[in-house]
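What follows is each chain in one-letter form.
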Amino acid sequence: MALLNILHFPDPRLRTIAKPVEDFDDNLRQLVSDMFETMYEAPGIGLAATQVNQHIRLLVMDVSEARNQPRCLINPRILTAEGDEEMDEGCLSVPGYYEKVRRAELIRVRSQDENGETSEFDAHGLEAVCIQHEADHLEGKLFVDYLSALKRNRIRSKLLKTQKQQVD
Ligand code: NI
């Protein structure tokens, strides 16, 4: 087990488009396990492989209050999306910022687990929002992309300032 380093906006590596997972091997399962540990420790409700600089189509999440329903989605595909809702979103790659984002309310998802088993399920509410947010990461997209350029640039300069202070 190991805690992984989380990339922070505006790190250009967060813009990488992730490749499909083809090998469901022990290396993959180790990464899944490390990502869960990193997500729970942060703490966050979701983490995409992109955020830990692994550019494969993998995300982990747990939207339960008790933090006891880990879910791993590999090669996730959103098959259908209906309705819309607005929720405050944050991101472990954009620490300290929460902004309203509009997303589909109900989605149908097909994905694989860490053993390569495929399943299909419906998600709504927070779970649906979390899946859409994490799936965006796999496309190199961040929730700040939905904000106005003014807001996004303000967040970018503040985070850059913090990152510079941490290096100095
Ligand atoms: Ni995020």
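Residues numbered from 1 in each chain as written. Predicted model: local features only at pLDDT ≥ 70, side-chain atom pairs only at ≥ 80, totals over all residues. Heavy atoms only, no water.

Outline the coordination of the nickel ion, listing residues and values.
Around the nickel ion, the protein contributes the donor atoms Cys91 (SG), His133 (NE2) and His137 (NE2), which lie 2.1 to 2.2 Å from the metal centre. When the donor residues of the nickel ion are listed from N- to C-terminus, their spacing reads C-x41-H-x3-H. Residue cysteine 91 is found in the loop between strand S4 (85-89) and strand S5 (99-103), and its partner histidine 133 is found in helix H2 (residues 125-138); the two are separated by 42 residues along the sequence. When sorted by exposure, cysteine 91 lands in the same class as histidine 133, which is buried. (Donors = N, O, S within 2.8 Å, 3.2 Å for Na, K, Ca; no water. Helix = DSSP H or I, 4+ residues; strand = E, 2+ residues; numbered from the N terminus. Buried < 20%, exposed > 50% of the residue type's maximum accessible area, 1.4 Å probe, protein only.)

Report on the pairing of S5, specifying residues and quantitative values.
The side chains of a regular strand alternate, first on one face of the sheet and then on the other. Here S5 shows a buried face lined by Glu99, Val101 and Arg103 and an unburied face lined by Lys100 and Arg102. The pairing of S4 with S5 spans 5 bridges and is antiparallel. Within S5, the residue paired with glutamate 86 across the bridge is arginine 102. (Pairing = 2+ DSSP bridges.)

Any chance you could break down the layout of surface pockets for me, citing the residues and the numbers?
Quantified by volume, the largest pocket comes out at close to 350 Å³. Around the largest pocket sit 19 residues that line it, and Ile45, Glu89, Gly90, Cys91 and Tyr98 are the ones nearest its centre. Mapped by element, the contributors of at least two residues to the lining of the largest pocket are S4 and H2. With 5 residues, the top contributor of residues to the lining of the largest pocket is H2. Taken as a whole, the second largest pocket holds about 180 Å³ of empty space. Considering the residues around the second largest pocket, the lining is formed by Arg57, Pro76, Arg77, Ile78, Arg102, Arg103, Gln132, Ala135, Asp136, Leu138, Glu139 and Tyr146. Of all elements in the fold, only strand S3 (71-82), S5 and H2 reach the threshold of two or more residues within the lining of the second largest pocket. Here the element with the most residues in the lining of the second largest pocket is H2; it accounts for 4 residues. Here the residues of the lining of the second largest pocket sort into 5 nonpolar, 1 polar and 6 charged. (1 Å grid on protein atoms, 1.4 Å probe; cavity = no way out; pocket = protein on both sides within 12 Å on 5 of 7 lines; lining within 4 Å. Points joined across faces, edges and corners; volume = space filled by probe spheres on them. Nonpolar A, V, L, I, M, F, W, Y, C, P; charged D, E, K, R; others polar.)

Please provide a residue-by-residue account of the pairing of strand S2 (residues 58-61), values included.
Of the two faces of S2, both are covered, the one formed by Leu58 and Val60 as well as the one formed by Leu59 and Met61. As judged from the 4 bridges shared by S2 and S3, these two strands associate in the antiparallel manner. Along S3, the bridge assignment pairs leucine 59 with leucine 73.

For the sheet that holds strand S1 (residues 46-48), give the residues involved together with the corresponding values.
Spatially, S1-S2-S3-S6-S7 is the arrangement adopted by the 5 strands of the open sheet, whose pairing is antiparallel. Either end of the sheet is taken by a strand with one partner, and the two such strands are S1 and strand S7 (118-124). For this sheet, the mean inter-axis angle between neighbouring strands, taken without regard to orientation, is 40°. Note that S1 and S2 share 3 bridges and pair antiparallel. Within S2, the position partnered with leucine 47 by the bridge is valine 60. Relative to the sheet, helix H1 (residues 26-41) contacts S1, S2 and S3, its axis offset from that of S2 by approximately 40°. Running over the sheet, H2 touches S1, S2, S3, strand S6 (106-112) and S7 and is turned about 120° from S7. (Axes fitted to C-alpha atoms, helices over the stretch in contact; angles between N-to-C directions. Contact = heavy atoms within 4.5 Å.)

Any link to function would need more than the numbers given here.
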